[in-house]
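Here is how the chains run, residue by residue.
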Amino acid sequence: MRLGIPCQPPDRSMTAATPQTVEQLIRLGYEVVVQHGAGAPAQFPDAAYEEAGAELADRAETWGCNVVVTAYAPDDAELDLMHPGATLIGRLDPARHPELVQSLQDRSLTALAIDTVPRISRAQSMDVLSSQANLAGYRAVIEAAAHFGRLLNGQVTAAGKFPPASVYVIGAGVAGLAAIGTAYSLGAVVKGTDVRPEVADQVKSVGAEFVPVPTAQEVSDDGYAKEMSADQAALANALYAEQSAAADIVITTANIPGRRAPLLLDRAAVEAMRPGSVIVDMAAANGGNTELTVPGEVVTTPGGVTIVGYTDLAERLPAQASQLYGRNILNLLTLVTPDKDGNLALDLDDQVVRAITVCQAGELLWPPPPVAVS
Ligand code: NAD
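What comes next is a walk through the structure. Counting restarts for each chain: residues are numbered from 1 in the order of the written sequence. In view of the model being predicted, local features appear only for residues whose pLDDT reaches at least 70, and side-chain atom pairs are presented and counted only at 80 or more, with totals across whole chains, interfaces and linings using the full set of residues.

Here we look at the site of the ligand
Inference 1: The criterion for a residue being near a molecule or strand is simple: its C-beta atom, placed using the backbone, must lie within 6 Å of it. Taken together, 31 residues sit near the ligand, with Gly171, Gly173, Val174, Ala225 and Ala254 positioned nearest.
Inference 2: Ten residues, namely Ala, Val, Leu, Ile, Met, Phe, Trp, Tyr, Cys and Pro, are considered nonpolar, four, namely Asp, Glu, Lys and Arg, are considered charged, and the remaining ones, Gly among them, are considered polar. Its residues assigned to classes, the shell around the ligand shows 17 nonpolar, 10 polar and 4 charged.

Topic: the sheet that holds strand β15 (residues 306–308)
Inference 1: Paired strands, as defined in this entry, are two strands with at least two bridges between them according to DSSP. Only DSSP runs of H or I covering at least 4 residues are called helices, and only runs of E covering at least 2 are called strands; the numbering of each starts at the N terminus. In spatial order, the strands read β11-β10-β9-β12-β13-β15-β14; together these 7 strands make up an open sheet with mixed pairing. The outermost strands of the open sheet, each flanked by one partner alone, are β11 (209–210) and β14 (298–300).
Inference 2: The sheet contact formed by strand β10 (residues 189–193) and β11 spans 2 bridges and is parallel. When the bridges of β11 are listed, Lys191 appears paired with Glu209.
Inference 3: Whether two residues are in contact depends on their C-beta atoms, placed from the backbone: they are in contact if these lie within 7 Å. Axis angles are defined between N-to-C directions and span 0 to 180 degrees, where every axis is a line fitted to C-alpha atoms and, for a helix, only to the segment in contact. Sitting on the sheet, helix α7 (residues 174–185) is in contact with β9 (166–170), β10 and β12 (249–252), with an inclination near 165° to β10.

Concerning helix α1 (residues 19–27)
Residue pairs three or four apart in sequence face the same way in an α-helix, which turns once every 3.6 residues.
Inference 1: Within α1 the residues assigned to the buried category are Pro19, Thr21, Val22 and Leu25. One side of α1 carries all its buried residues, which in axial view fall inside an arc of 155°.
Inference 2: The elements touched by buried residues of α1 are β1 (2–5), β2 (31–35), α2 (46–51) and α11 (318–335).
Inference 3: Immediately beyond the C-terminal end of α1, within one or two residues, lies Gly29, with a positive phi of roughly 105°. In this scheme every C-beta is placed from the backbone, and a residue whose C-beta has 20 or more other C-beta atoms within 10 Å is buried, one with 12 or fewer is exposed, and one in between is partly exposed. The directions from the helix axis to the C-beta atoms form the arc being described.

Concerning the packing of helix α6 (residues 128–148) against α7
Inference 1: Contact pair α6 / α7: the axes reach a minimum separation of 7 Å and the direction vectors enclose 35°. Crossing of α6 over α7 shows right-handed handedness. Residue-level contacts link Ser130, Ala133, Asn134, Ala136, Gly137, Tyr138, Ala140 and Val141 of α6 to Val174, Ala175, Gly176, Leu177, Ala178, Ala179, Thr182 and Ala183 of α7. Should the near helix be turned counterclockwise from the far one by less than a right angle, the crossing is left-handed, whereas a clockwise turn marks it as right-handed.

Coordinates in, geometry out; function isn't part of it.
Next comes the structure, spelled out in structure tokens:
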């Protein structure tokens, strides 16, 4: 089969295949077709893809392949270039994009949403949410440090001394743990909180003090946090406000799958923070963890608190975001190309394949049955 790698939208930088993964996709039996310039924003030139064995092509030819792999959800104009029965693989986030699911059905396409891979051990090598969250957690600290404008580590010099910056991370999932580890390695004094008390050891292992939430929250059987009751949330938010007022940098990462991100810091809590302090709201794309977050923007309150609401933190490391994403895609294609003959074979009895198959030749298969975490 011909497998196409189109260009990303003009304002985005990640690509779905690197020259290295192209070589491996060819070994799986695919004829790989890369649109001219597809890797340029992530620093992979056309010549490197050609050297790896890819054919360079225009937009229509790339979207006209049997399998098209993207890093972003495509629009209708792009889907119109696909042939009925062709397969789209990408970060499709079907739960939040019902209109895209409808467009896929209308065009009799098969679609695999790699961002719905279940969080089970066997699927870890395809887990794009984890690989991107890890990069985003690192980048959140770099953004915070740049906007903070002061050292993160403590220093004693002949000319004076500075204390280390204090960093408070709310939510210790993949992104939160990466942020804690990065802030600690830059010399900050770090605290971390999560509603899931079982993450305390992980928080400590990457260098932070664990601050427990006053009410232990149940974890649902998929391993994620559940939404809190209003009373629980009020207790927890009082703790977040108190800890944030004492911090130089706050990084919020709290998410509840399929829901708006929980509101952790209201206007009063932000206004109680010191002038010059910085919040990086990693849940900005999902509604935001603070009342004052503006998705995609950096805002500074009249009281001098800067809130970074970037929704593309991982993509601000475009080469590595593409390398990890390309590797997740390769691992997925290895699973669904069992004979290494360049032909997709979707085994819907496999719980990973079933979980990511949104529709097959236009037949709606979303949402899939739930998968228990292992
Ligand atoms: P996420 O992005 O959904 O949420 C980030 C963190 O926010 C979570 O730790 C969550 O507990 C926390 N949170 C939610 N509401 C909060 C609140 N009100 N206050 C404070 N914290 C709050 O999480 P994630 O990083 O995607 O990971 C979620 C779970 O999945 C974790 O248990 C993680 O270990 C697990 N996981 C498993 C695998 C696997 O392959 N087995 C892979 C990745 C993640």
